[in-house]
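Descriptive analysis of the structure
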Amino acid sequence: MGKLNNKIALVTGAGAGMGRSHAKLISSEGAHVYVTDISQTGAQETVELIRNNGDMATALTHDVSNESAWLNVLNHIDEAHGRLDILVNNAGIASWEYLETISDESWDRVFSINANGTFLGCRHAVTLLKKAAAGAAIVNIASSLSHHAIPTVSHYIATKGVVLMLTKAAAYEYARYGIRVNSVHPGIVETPMTEAALKDPAFIDMVVNTVPLSRVAKAEEISSVVLFLVSDEASFVTGADIVVDAGSSAAKG
């Protein structure tokens, strides 16, 4: 306990699912977590869970695809604390469609959140991250599907490929400021976003039954890796892409 005492953290898309799990674990280690989500209700519910555990959190409404929204969130943190120690770019969406049927609107929406949202976070948060007393850290949530493909999510896969390489580029550039940047690449995780897919027998056969550990992940299993990367235990880790997929990528070569 206390790995992140007195740290200021921002976790996007933390109104439910993995983001909520990341925020809860980071706050339990002593950080004041800014929980942001496009759903104010979801963000507030996460904050209440954190505060009920005796930890510190603040809820803010945040559309990560909107540059002004990023500036508003970061200005709020700057006024309250004057710095940011941890950024977890978690917000993301998926849409289950075959490539030939993807509309321009669907393609743009997935990219605006998954790719552009991560880019905007990395670009604008660096000003506050530079002010961290010790080295700051960014973790971008990508996907094991940045390493291999499956049908029906080509636009999602493309965005996570962007996140993978953006992370490496940012790690190279931000090293001069002592800011570490890494990406986490989960396999299938039990969250509201995957709930419908996990009820589809064909999806289970295609994805879950081919995983060496033969199961999906709990959100907490991804959060433990995020915690490691934002803590001082990972002080020599930057530019890494950590795959947490129960061996799926290894099995697919």
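Quick caveat: nothing in here was measured; it's all calculated off a predicted structure.

1. Remarks on the overall build of the protein
Across its full length, the protein holds nine helices and seven strands. Computed over the C-alpha atoms, the radius of gyration of the protein is 17 Å, within 12% of the 18 Å expected from 2.2 N^0.38 for a compact globule of 253 residues. Principal-axis analysis of the C-alpha atoms gives the protein an extent of 50 × 40 × 35 Å. The 253 residues of the protein split such that 53% are buried. The contacts of the protein with a sequence gap of at least 6 include a subset with a gap of at least 24, amounting to 72%. Where the 18 positive side-chain charges of the protein centre and where its 26 negative ones centre are 7 Å apart.

2. Digging into the side chain of S27
Checked against the element boundaries, S27 lands in helix α1 (residues 17-28). A polar contact is formed between the side chain of S27 and the backbone oxygen of K24, at a distance of 2.9 Å. When near neighbours in sequence (up to four residues on either side) are disregarded, S27 contacts V33, I50, D55 and M56.

3. What to know about the pattern of salt bridges
Summed over the entire model, instances satisfying the criterion amount to eight salt bridges. For D241, the salt bridge is made with K168, and the minimal N-O distance between the two is 2.7 Å. With D241 in strand β7 (residues 241-244) and K168 in helix α6 (residues 154-174), the pair connects residues that are 73 residues apart, well separated along the chain. Its relative accessible area of 28% is what places K168 among the partly exposed residues.

4. So, unusual backbone geometry
Phi is positive for T152, close to 80 degrees, though the residue is something other than glycine. Structurally, T152 is set in the loop between β5 (137-141) and α6.

5. Digging into the sheet that holds strand β1 (residues 8-11)
Strand order in the open sheet formed by seven strands is β3-β2-β1-β4-β5-β6-β7, and the pairing between neighbours is parallel. Only two strands of the sheet have a single neighbouring strand rather than two, namely β3 (56-61) and β7. Put simply, the sheet's adjacent strands are angled 20 degrees from each other on average, direction ignored. Relative to strand β2 (residues 32-37), β1 runs parallel, the two sharing four bridges. Each bridged residue has a counterpart across the sheet, and for V11 the counterpart in β2 is V35.

What counts, and at which threshold
Residues numbered from 1 in each chain as written. Predicted model: local features only at pLDDT ≥ 70, side-chain atom pairs only at ≥ 80, totals over all residues. Heavy atoms only, no water. Helix = DSSP H or I, 4+ residues; strand = E, 2+ residues; numbered from the N terminus. Rg over C-alpha atoms; globule rule 2.2 N^0.38 Å. Buried < 20%, exposed > 50% of the residue type's maximum accessible area, 1.4 Å probe, protein only. Contact = heavy atoms within 4.5 Å. Lys, Arg positive; Asp, Glu negative; His and termini not counted. Charge placed at Lys NZ, Arg CZ, Asp CG, Glu CD. Polar contact = N/O pair within 3.5 Å; in protein donor to acceptor, adjacent residues only side chain to side chain. Salt bridge = Lys/Arg side-chain N within 4 Å of Asp/Glu carboxyl O. Pairing = 2+ DSSP bridges. Axes fitted to C-alpha atoms, helices over the stretch in contact; angles between N-to-C directions.

Shape is all these values report; function is a separate question.
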